[in-house]
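The primary structure of each chain is shown beneath.
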Amino acid sequence: VQLQAFGGGLMQAGGFLRLSCAASGRTFNTYGMGWFRRAPGKEREIVAAISRNGGYTSYSDSVKGRFTISRDNAKKIVLLQMNILKPEDTAVYYCAGRSRAILTAAYLDDEYEYWGQGTQVTVSS
């Protein structure tokens, strides 16, 4: 699967952005999907994951209650709605996919094989 993320930009704290990830390939619905980010000087971290069927999601504590991940398997897209943005959300955001995913698991770990290019999100205070 090939992934392309877009939708980043500059936003003031308290604002919102929506990131999109478009996938190619015919087996998109067999992949667990996730959104990662890498802030300057920090390690990459996963912030949200969604199961193959879209029915299960997981979030890191840092974004829980503010970010929402969703997917549309027919359109082959994964979305990350980011609300109440904070300056510490500033990072390059990546979407990622993993095979060998069971239908109802949202994998909040680092075992992802396929990566899109990043999209920059900058939140000003």
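Below is a short write-up of the structure. Note that the structure is predicted; figures quoted are calculated from it, not measured.

**Regarding the side chain of Asp89**
Right, on to step 1. Along the chain, Asp89 falls in the loop between strand S8 (77–82) and strand S9 (91–98).
Right, on to step 2. Of note is the side chain of Asp89, whose polar atom sits 2.7 Å from the side chain of Arg66.
Right, on to step 3. Here Asp89 is in contact with Arg37, Arg66, Phe67, Ile84, Val121 and Val123, once residues within four sequence places are set aside.

**Digging into the sheet that holds strand S1 (residues 2–6)**
Right, on to step 1. With antiparallel pairing, the 4 strands of this open sheet are ordered in space as S1-S3-S8-S7. In this open sheet, the two edge strands, each paired with only one partner strand, are S1 and strand S7 (67–72). Recorded for the sheet is a direction-independent mean angle of 15° between the axes of neighbouring strands.
Right, on to step 2. As paired strands, S1 and strand S3 (residues 17–24) are joined by 5 bridges and run antiparallel to one another.

**Some points on the state of the cysteines**
Right, on to step 1. Taken as a whole and assessed by the stated rule, the structure comprises 1 disulfide.
Right, on to step 2. With a sulfur-sulfur separation of 2.1 Å, Cys21 is cross-linked through a disulfide to Cys95. The sign of the S-S torsion, about 60°, decides the handedness of the disulfide formed by Cys21 and Cys95: right-handed. Within this pair, whereas Cys21 is found in strand S3, its partner Cys95 is found in strand S9, the two being separated by 74 residues in sequence.
Right, on to step 3. Accessibility expressed as a relative area gives 1% for Cys21, which makes it buried.
Right, on to step 4. For Cys95, a relative accessible area of 0% gives the class buried.

**A short note on the packing of aromatic side chains**
Right, on to step 1. Applying the stated criterion across every chain, the model contains 3 aromatic pairs.
Right, on to step 2. On the numbers, 5.2 Å between centres and 80° between planes, the contact of Phe36 with Tyr112 is edge-to-face. Of this pair, Phe36 sits in strand S4 (residues 32–38) while Tyr112 is found in the loop between S9 and strand S10 (114–115), placing the two residues 76 residues apart along the sequence.
Right, on to step 3. Residue class for Phe36 comes out buried when judged on its relative accessible area of 1%.
Right, on to step 4. Residue Tyr112 is classed as buried on the basis of its relative accessible area of 7%.
Right, on to step 5. These aromatic residues form a ring-pair network of at least three members: Phe36, Tyr112 and Trp115.
Right, on to step 6. Sitting above the plane of the Tyr112 ring, Arg98 keeps its charged end 5.5 Å from the centroid.

What counts and how
- Residues numbered from 1 in each chain as written.
- Predicted model: local features only at pLDDT ≥ 70, side-chain atom pairs only at ≥ 80, totals over all residues.
- Heavy atoms only, no water.
- Helix = DSSP H or I, 4+ residues; strand = E, 2+ residues; numbered from the N terminus.
- Polar contact = N/O pair within 3.5 Å; in protein donor to acceptor, adjacent residues only side chain to side chain.
- Contact = heavy atoms within 4.5 Å.
- Pairing = 2+ DSSP bridges.
- Axes fitted to C-alpha atoms, helices over the stretch in contact; angles between N-to-C directions.
- Disulfide = S-S within 2.5 Å.
- Buried < 20%, exposed > 50% of the residue type's maximum accessible area, 1.4 Å probe, protein only.
- Phe/Tyr/Trp six-rings, centres within 6.5 Å; stacked < 30°, edge-to-face > 60°.
- Lys NZ or Arg CZ within 6 Å of the ring centre and 35° of its normal.

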